[in-house]
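# A structural walkthrough
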Amino acid sequence: MGGNVRGLLSFDPVLVHALDAAGPDVQRAVALLAARRACEAAGVACLDWIAAALTALAEGRPLPPPFDEPALMWQTLARDPRVPQRTVGRPVPPQRPSSRPPALATGCEPMPKPEQAPRPVGPAAAMNRQYVPGPPVPRTGAAPHVMAVTVGAQDPSLRMSQPHLALPAVTGAAEADPLRAAVDAVYAAVATYGEDYPALLEEIRSVSAAGA
């Protein structure tokens, strides 16, 4: 199916399976609800061009401009002075027990540490010379590059723009496949809600159960 299935699975796998088992009418209803709630949480649901998109979703019509062109959509969001400057922290999925079985004892001896490994002697010793890199060679005309490496999970304290997170819920809800529309819209809405996503998923679950 594609889309953000894996992303939503980390937050609520039971909901993902419930959406999969639901019919297209329920899936469309969930997608519309998620898009609407995301826009409301971001404070942009009342903007005319976003309200028109939500109305089109409710009536089963294609999204109107600027949602029909991604670049134009983001430009409109950036240029609209009515868009509130709201930020939200990253949602953190609940901790779940690992599904991996515990490691079995094999009785094998551990690998020796590097300092414990025997040193080669004889002709092999000549092949064991340590390579010492020389100084870096400057590249004429090359632009400098900086690379940042993050180890571990992303910092949940980072703040992100809610309006920017909400628009993918609208475009996701317009996907041709009803199941993908529901999954993508809900996942984008989870990101828009940030730390408060459990309240959103509780409402989504109630809609899914009522339509099942």
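Structure shown above.
The structure reproduced in this document is the subject of the present report. (Residues numbered from 1 in each chain as written. Predicted model: local features only at pLDDT ≥ 70, side-chain atom pairs only at ≥ 80, totals over all residues. Heavy atoms only, no water.)

Take the overall build of the protein chain next. Helix and strand counts for the protein chain come out as eight helices and two strands. For the protein chain, the proportion of its 212 residues judged to be buried stands at 30%. Residue pairs at least 24 apart in sequence account for 76% of intrachain contacts in the protein chain once pairs closer than 6 positions are excluded. Of the accessible surface of the protein chain, which amounts to about 14200 Å², a share of 58% is contributed by carbon and sulfur atoms. (Helix = DSSP H or I, 4+ residues; strand = E, 2+ residues; numbered from the N terminus. Buried < 20%, exposed > 50% of the residue type's maximum accessible area, 1.4 Å probe, protein only. Contact = heavy atoms within 4.5 Å. Areas by Shrake-Rupley, 256 points an atom, 1.4 Å probe, with all protein chains shown as cover.)

Right, let's get into the side chain of S208. Along the chain, S208 falls in helix α8 (residues 197-211). Non-local contacts of S208, meaning those with residues more than four positions away in its chain, are made with L15, L19, V26 and V30.

A few words on helix α4 (residues 48-58). Turning to α4, its buried residues are W49, I50, A53, L54, A56 and L57. Along α4, the residues classed as buried sweep out an arc of 155° about the axis, all on the same side. Close packing links the buried residues of α4 with α3 (24-42), α5 (70-79) and α6 (162-173). Note on α4: the residue one or two positions beyond its end, G60, has a positive phi of about 75°. (Arc of directions from axis to C-beta.)

It is worth spelling out the nonpolar core at this point. I50, F67, V170, V186, V190 and I204 are the most contacted members of the largest nonpolar core, which has 46 residues in total. Broken down by secondary-structure element, the contributors of at least two residues to this core are α2 (13-21), α3, α4, α5, α6, α7 (178-193) and α8. Considering every element that reaches this core, the biggest residue donor is α7, with 10 residues. Those residues in contact with I50 that lie beyond four places of it in its chain are C39, V44, A45, F67 and L167. (Core = buried A, V, L, I, M, F, W, Y, C linked by side-chain atoms within 4.5 Å.)

So, on to the environment of R37. Relative to the elements of secondary structure, R37 occurs in helix α3. In the structure, R37 is positioned 163 residues away from L200 in sequence and 7.9 Å away in space, judged by C-alpha atoms. If sequence neighbours within four positions are ignored, R37 has contacts with Y193, L200 and E203.

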